[in-house]
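Read off the chains here:
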Amino acid sequence: MMPLVAVAHGSRDPRSARAVAAALDTVRAENPGLDVRLAFLDLNTPSVGQVLDALAADGHRQVAVVPLLLGSAFHARVDLPALLHEAQQRHPLLEVLCSPILGDDDLLVDAARDLITATGVSADDPSVGIAVCAVGSRRPEANRATELVVPRILAGTAWTQAAACFATTGPSVGTTLADLTSRGAHTVVLTPWILAPGLLWDRACAEADSLGHVRVAQTLARHDAVARVITERYTEAVHRRRGLRVA
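Cut-offs applied
- Residues numbered from 1 in each chain as written.
- Predicted model: local features only at pLDDT ≥ 70, side-chain atom pairs only at ≥ 80, totals over all residues.
- Heavy atoms only, no water.
- Pairing = 2+ DSSP bridges.
- Helix = DSSP H or I, 4+ residues; strand = E, 2+ residues; numbered from the N terminus.
- Axes fitted to C-alpha atoms, helices over the stretch in contact; angles between N-to-C directions.
- Contact = heavy atoms within 4.5 Å.
- Polar contact = N/O pair within 3.5 Å; in protein donor to acceptor, adjacent residues only side chain to side chain.

A. Quick look at the sheet that holds strand 1 (residues 4-8). Read across the open sheet, the 4 strands follow the order 2-1-3-4; overall the sheet is parallel. Looking along the sheet, the strands with just one partner apiece sit at the ends: strand 2 (36-40) and strand 4 (95-98). Neighbour to neighbour, the strand axes of the sheet diverge by 30° on average, direction disregarded. As defined by bridge partners, strand 1 adjoins strand 3 (residues 62-67) across 4 bridges and the pair is classed as parallel. Note that in strand 3 the partner of Val-5 across the bridge is Val-65. Strands strand 1, strand 3 and strand 4 of the sheet are contacted by helix 8 (residues 225-242), whose axis makes an angle of about 140° with strand 3.

B. Fine view of the side chain of Thr-157. Position of Thr-157 among the secondary structure elements: in the loop between helix 5 (140-154) and strand 6 (161-166). A polar side-chain atom of Thr-157 sits 3.1 Å from the main-chain amide nitrogen of Trp-159. Among residues more than four places away in sequence, those in contact with Thr-157 are Arg-113 and Ala-123.

The following block contains the structure:
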């Protein structure tokens, strides 16, 4: 069975690596015999290169890489492809398949909605306002992708007041939460379009705490949908290589 290398962003906050590792434990539990390894783009070890070097040393000739990224920003478009190319230059007999990012998969959108209701609000309450917070990017297209997730999270609910906000760019968390309240939301929930906890998410939560009346949802890695999407990306990559149709 082809090994799976899950590539996370990396963080100085150890909670981030633990959250991702827990999701991969679920992948292993649901796929007995699958060799699942975690690599990081930055700030943590092992690096992508180290993991691929180890797999080549173990005699593997094919590996499927799944980027644990929600947006198509610099890491997805430039960093990771360069690292994979370098690894293949070092190991010409190692074929590295790379799946699409986790992105805005329907399962993750549903997971975000579940995590909102887990804060105690009702999907049938039109007075609930939702602020969907992503890290943010210098690329307007990447931020626009987060904005497009917002109405999908609202689907099937009575929620109508919702907006995207960002931890590193505008609109800010505080501005967005205040705007939702001014527009008539009686209960406001800050929900992360962020995979795992870390310093930037803490910053967003601190802004919410300063307002004193905001509920805060868990990051996406707390939901079992993340493991399912990782497995789907892996399966799609393997089947594409073998010319098979994914059911």
